[in-house]
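# Report on the structure
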Amino acid sequence: MIIYIFILSLILALGIFALACKDLLHSVIALSAISMLSALLFTILRAPDVAITEAAVGAGVSTVIFVWAIRHTQRRDKEGS
C-alpha cells in the first residue's frame, strides 16, 4: 500500500512540475517520467500488457514526437520578442 502512495505522489509532483516549468524540454522529460511511473504502477497491479503499451507509447513515441516538435520551433526570449 505504501508503494502505491509513493508512486502516485511522484506522479502528482511531476505533473505539477510539468505544468509549472517554463522550459518545454523539461516538461517533456517530466511527462516521460510520469509515463514510466504509470507503467511501473500497472506492472505492480499485474497488468503487464497495459504497462508495456504505456511504456512504449507514453514514454517512447510521444516523447520522441514532443522533442522533435520542440527542436523544429524557434525559441523566443523575453528580450528578443
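Right, let's walk through the structure included here. Residue numbers restart at each chain and count upward from 1, following the sequence in its written direction. For a predicted model such as this one, the threshold for reporting local features is a pLDDT of at least 70, and the threshold for listing and counting side-chain atom pairs is 80 or more; totals across whole chains, interfaces and linings nevertheless cover every residue. Values shown for side chains rest on all heavy atoms present in the structure; no hydrogens or waters enter the calculation.

## Quick word on the overall build of the protein
Note the following rule: Helix numbers and strand numbers start at the N terminus; a helix is a DSSP run of H or I with at least 4 residues, a strand a run of E with at least 2. Summary of the burial criterion: residues with accessible area below 20% of their type's maximum are buried, those above 50% are exposed, and those between are partly exposed, where the area comes from a 1.4 Å probe applied to protein chains only. Any two residues having at least one pair of non-hydrogen atoms within 4.5 Å are treated as being in contact. For the area figures, the Shrake-Rupley method with a 1.4 Å probe applies, and any residue is considered shielded solely by the protein chains shown. By the counting rule applied here, Lys and Arg register as positive and Asp and Glu as negative, while His and the ends of each chain are not counted. Where a charge lies is defined by one atom per residue type, namely NZ (Lys), CZ (Arg), CG (Asp) and CD (Glu).
Along the backbone of the protein there are three helices and zero strands. Each helix (α) and strand (β) of the protein, taken in turn from the N terminus, gives the series α-α-α. Overall size of the protein, expressed as C-alpha extent along the three principal axes, is 50 × 25 × 10 Å. Counting all 81 residues of the protein, 25% fall into the buried class. For the protein, contacts bridging at least 24 residues in sequence account for 50% of all contacts bridging at least 6. When the accessible surface of the protein is summed, it comes to about 6300 Å², and 70% of that surface belongs to carbon and sulfur atoms. Looking at the protein, you have 6 positive and 5 negative side-chain charges, and the mean spots of the two groups are 3 Å apart.

## Some details on the environment of V57
Tracing the sequence through the fold places V57 in helix α3 (residues 48–71). Separated by 53 residues in the primary sequence, V57 and Y4 have C-alpha atoms spaced 22 Å apart.

## Some points on the packing of helix α2 (residues 24–44) against α3
What counts here: For helices, the axis comes from a line fit to the C-alpha atoms of the stretch in contact; other axes are also lines fit to C-alpha atoms, and the angle between any two N-to-C directions lies between 0 and 180 degrees. For this classification, under 35 degrees means roughly parallel, over 145 means roughly antiparallel, 65 to 115 means roughly perpendicular, and everything else is oblique. As a working rule, the residues Ala, Val, Leu, Ile, Met, Phe, Trp, Tyr, Cys and Pro are called nonpolar, Asp, Glu, Lys and Arg charged, and the rest polar, with Gly in that last group.
Here α2 crosses α3 at 175°, and the two axes come no closer than 8 Å. Here α2 lies roughly antiparallel to α3, going by the angle between them. From α2, L24, L25, V28, L31, S32, S35, M36, S38, A39, F42 and T43 reach across to α3, where they touch V50, A51, E54, A55, G58, A59, T63, F66, V67 and I70. Looking at the contact of α2 with α3, its residues break down into 14 nonpolar, six polar and one charged.

## Quick notes on the nonpolar core
Heads up, the rule is: We call a set of buried Ala, Val, Leu, Ile, Met, Phe, Trp, Tyr and Cys residues a nonpolar core when their side-chain atoms join them within 4.5 Å.
The biggest cluster of nonpolar side chains holds five residues, and these are I7, I11, I34, L37 and L41. Among the secondary structure elements, those contributing two or more residues to this core are α1 (2–20) and α2. At three residues, α2 tops the list of elements feeding residues into this core. The residues contacting I11, other than those within four sequence positions of it, are I34, L37 and S38.

## Observations regarding the packing of α1 against α2
Our working rule: By convention, the crossing between two helices is left-handed when the near helix turns anticlockwise from the far helix through less than a right angle, and right-handed when the turn is clockwise.
Where α1 meets α2, the axes come as close as 9 Å, and the angle between the chain directions of the two elements is 160°. In terms of orientation, α1 and α2 fall into the roughly antiparallel class. In this structure, α1 crosses over α2, and the sense of that crossing is left-handed. Residues I3, Y4, I7, L8, L10, I11, L14, G15, F17 and A18 of α1 form the contact with α2, whose participating residues are H26, S27, A30, L31, A33, I34, L37, S38, L40, L41 and I44. Counted by class, the contact of α1 with α2 contains 17 nonpolar, four polar and no charged residues.

## With respect to the side chain of T63
Let me state the cut-off plainly: Polar contact criterion, stated in full: a pair of N or O atoms within 3.5 Å, where within protein one must be able to donate a hydrogen and the other to accept it, and residues adjacent in sequence count only if both atoms are side-chain atoms.
Its place among the elements puts T63 in helix α3. Look at T63 and you get buried, because its relative accessible area is 17%. Within the structure, the side chain of T63 is placed 2.9 Å from the backbone oxygen of A59, a separation counted as a polar contact. Dropping the residues within four chain positions of it, T63 is found in contact with V28, S32 and G58.

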